[in-house]
Structure formats: C-alpha cells, structure tokens
Amino acid sequence: MIIATHSGKFHADDVWAATVLDMLFPHSELIRTRDPEKIRAADFAVDVGGIWDPKTGRFDHHQKGFAGARETGVVYASAGLVWKTYGAQCVALVAKSRMKVQLPDEQAQQIAYAIDGDLVQYLDMSDTGAAKNAPGGYGLSAVVSGFNPTWLDEQEAGSPAAADAVRLEQFRRAMSYMADIIVNAVKYRVGSQLAVEQVRNSTLLENGTVLFIANSALPWASVVRNEMPKVLFVISHNLAEQRFMLHTVPAAPDTFESRKDLPAAWAGLQGQELSAVTGVPDAGFCHNNLFIAAAGSYESALHMARLALAEPT
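This text gives an overview of the structure that appears in the document. (Residues numbered from 1 in each chain as written. Predicted model: local features only at pLDDT ≥ 70, side-chain atom pairs only at ≥ 80, totals over all residues. Heavy atoms only, no water.)

As for helix α9 (residues 271-278)
Argument step 1. Listing the buried residues of α9 in full gives Leu274, Ser275 and Thr278. The buried residues of α9 occupy an angular sector of 105 degrees when projected down its axis, which confines them to one face. Away from its buried face by more than 90 degrees, α9 exposes Gln272, Glu273 and Ala276. (Buried < 20%, exposed > 50% of the residue type's maximum accessible area, 1.4 Å probe, protein only. Helix = DSSP H or I, 4+ residues; strand = E, 2+ residues; numbered from the N terminus. Arc of directions from axis to C-beta.)

The following block contains the structure:
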C-alpha cells in the first residue's frame, strides 16, 4: 500500500490520518508529495489531491465545494475523514493486538465515536481554523506541529532533497508519537468498559454505604456515582503499593465535592499522627482535602470507613 500526503509543513490532522492508515495497513510506503501523478497512483491520498471518496482511498477536504461535517456541525479535515471511515476498525485492531480483547462491531464503533468527540474533532477544528489548538493552549495540534523542522534544521540540511528527507523523518517521528496517543485512547476506553461489570459486582459493606474494590486501578467513579446512590466511601486494594485506600465518592463529574468527606480532624495527617486520631496502628495518610486516606490492611481501612460514616455531616 502507498499512503500519499502533501509535502512541506505537516499538521496534526494529516499525521493522525496517515498514522491510522499505517496501523491498519502495516508496512505501507509513505510518500509526501504534491505531484498529481504520484497522488493518483497511491492507494490512499490524505490531505491532498482534492477528492473525498472513501471507496477509492481519497481523504482531502481542501477542494472547492467541500461540505463534509459532523452532525454537530464540526467540519471534517483529513483526521476526521479517515477516522470516520476507519476509526472503528482501528479501535478493534488496537483492542485485539494490545489488549487481547475481541470487540463487537457496535462497541468498537461507539468507542470510535467517543474518541472523535474527545479528540479527533479538535484536530480538525485546529486545521480548519475553528479552534487554535486541540484542546487547550498547548494541545495535541501544537505538540505535533512542533515536530516540523525549523528553518535552522532546513538550513543545516543544505539542499532541498536533504531538507525533504528531514521533514519525512520528522513526520515519521510524529506518526510514532500519534500512534501512542491512539493506542492509549483505545486502551483507556476499552479498559473503562471492561471495568464496569467488575465494579458492579464488587462487595457492598455497611448496609450498602461502603464498596470494596479488589483493584485500585479499576476506574470506578462514574459507575458508583451513576448507579450506586447509597455508597459514600470506596475501599480499594492498591496492588502496586500493597496497601488499602479509602476514597470518598465524587458528588458530580469534574468536581472535588464529595457525597461525604472524611473526618476534618484527619486532614493532612500521616503515620503516627493519623494513627493517634483514628486508633488504627497502620494508618498511612489522609489527604489535606479529605478525599482519600490509606492504611496497611483491609481491616484498618474498613475501621476508618466506619469512623467516617459515624462522623456528623
């Protein structure tokens, strides 16, 4: 397979698009050119060529009359065009190759939609001028643009051909970086979905007000917040550090407000100071903002949870 994209300065949208295709069609040849004959001969043309036709592997958005846009109104650039066609396939590939998980087609598509909403659309918005970066003042678009050679690099190269070789090398470095972004985005979302059933099946304690989760790494907050209104505290086992954590439950997304705080007297205490207040000999610490504490054993963490439950609101 030959993947063609434009020469010269590159942007996050063409890097993302080329990376997705390269992941799906490994060992493809990448060419960066504006030569119409080479573009026509390529299996895929990304961000160049003046045609949007997924059936023939054409993913450009610069042509006159282009009107491709999401239902939200966000206009497509090459990242979104390729992801629209191949996103679910890329998600399924990453899940299978990196996580040994076979995703149903519908689940892969839903994850692809989520990644588009969280990430890909912002690459397109940056490229089309609808947003400066993706997202934030120094987001992914800016980071990827930073892989472009500077004028000093081009001057040092010494010739147009050598400068083109440097640009191609930097483009490939940007692709490698972008591949990590894609893999991490898929792994995070697949992992979150796989965690849901484990969280739902975890042990409820203290008349349903405390939940015990056997692995602290499980993303539990949204499940507990949305499906377990009685749970005030979560105990989890930190396998890496071999200690037990006591968490408060966020009252809403993107907030530090909890359904119930840990006792105010614990704030910022560690070791013996926390042990003296709680009566727990292996107490580890309590965060100054009262949303997490630690102890050396399950029994100690449960005792601390009971003390927290008894604390007047």
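Resuming the write-up.
Notes on the side chain of Thr209
Argument step 1. Positionally, Thr209 belongs in the loop between β6 (203-205) and β7 (210-213).
Argument step 2. Look at Thr209 and you get buried, because its relative accessible area is 17%.
Argument step 3. Separated by 2.7 Å, the side chain of Thr209 and the backbone oxygen of Glu206 make a polar contact.
Argument step 4. In contact with Thr209, not counting residues within four places along its chain, are Lys230, Val231, Leu232, Phe233 and Leu309. (Polar contact = N/O pair within 3.5 Å; in protein donor to acceptor, adjacent residues only side chain to side chain. Contact = heavy atoms within 4.5 Å.)

Focus on the environment of Val183
Argument step 1. With respect to the element layout, Val183 can be found in helix α7 (residues 160-200).
Argument step 2. On the basis of relative accessible area, Val183 is assigned to the buried category, the value being 5%.
Argument step 3. Along the sequence, Val183 and Cys90 sit 93 residues apart, while their C-alpha atoms lie 9.3 Å from each other.

Considering the environment of Ser28
Argument step 1. Here Ser28 shows up in the loop between α1 (12-24) and β2 (29-32).
Argument step 2. The spacing of Ser28 and Asn184 is 156 residues in sequence and 22 Å in space, taken between C-alpha atoms.
Argument step 3. Those residues in contact with Ser28 that lie beyond four places of it in its chain are Met1, Ile3 and Asp22.
Argument step 4. Polar side-chain contacts of Ser28 include one of 2.4 Å to the backbone oxygen of Phe25.

Overview of the nonpolar core
Argument step 1. Residues Trp16, Val20, Trp83, Tyr86, Val91 and Ile115 are the most contacted members of the largest nonpolar core, which totals 50 residues.
Argument step 2. The set of elements that each furnish at least two residues to this core consists of α1, β3 (44-46), α3 (78-99), α4 (105-128), α5 (140-145) and α7.
Argument step 3. Counting residues in hydrophobic clusters, the runner-up holds 22 residues, among them Phe244, Leu262, Ala295 and Leu302. (Core = buried A, V, L, I, M, F, W, Y, C linked by side-chain atoms within 4.5 Å.)

Here's the deal with the pattern of salt bridges
Argument step 1. In the structure shown here, the tally under the stated rule is 10 salt bridges.
Argument step 2. Notably, a salt bridge pairs Arg189 with Asp118, separated by 2.6 Å at the nearest N-O pair. Here the residue Arg189 occupies a position in helix α7, and Asp118 occupies one in helix α4, the gap between them amounting to 71 residues. (Salt bridge = Lys/Arg side-chain N within 4 Å of Asp/Glu carboxyl O.)

Let's talk about the sheet that holds strand β5 (residues 58-59)
Argument step 1. The strand order β2-β1-β3-β5-β4 describes an open sheet built from 5 strands, whose pairing is mixed. Looking along the sheet, the strands with just one partner apiece sit at the ends: β2 and β4 (52-53).
Argument step 2. Summarising the sheet, β3 and β5 pair through 2 bridges and their orientation is parallel. Note that in β5 the partner of Val46 across the bridge is Phe59.
Argument step 3. α7 rests against β1 (2-5) and β2 of the sheet, and its axis sits at about 125 degrees to β2. (Pairing = 2+ DSSP bridges. Axes fitted to C-alpha atoms, helices over the stretch in contact; angles between N-to-C directions.)

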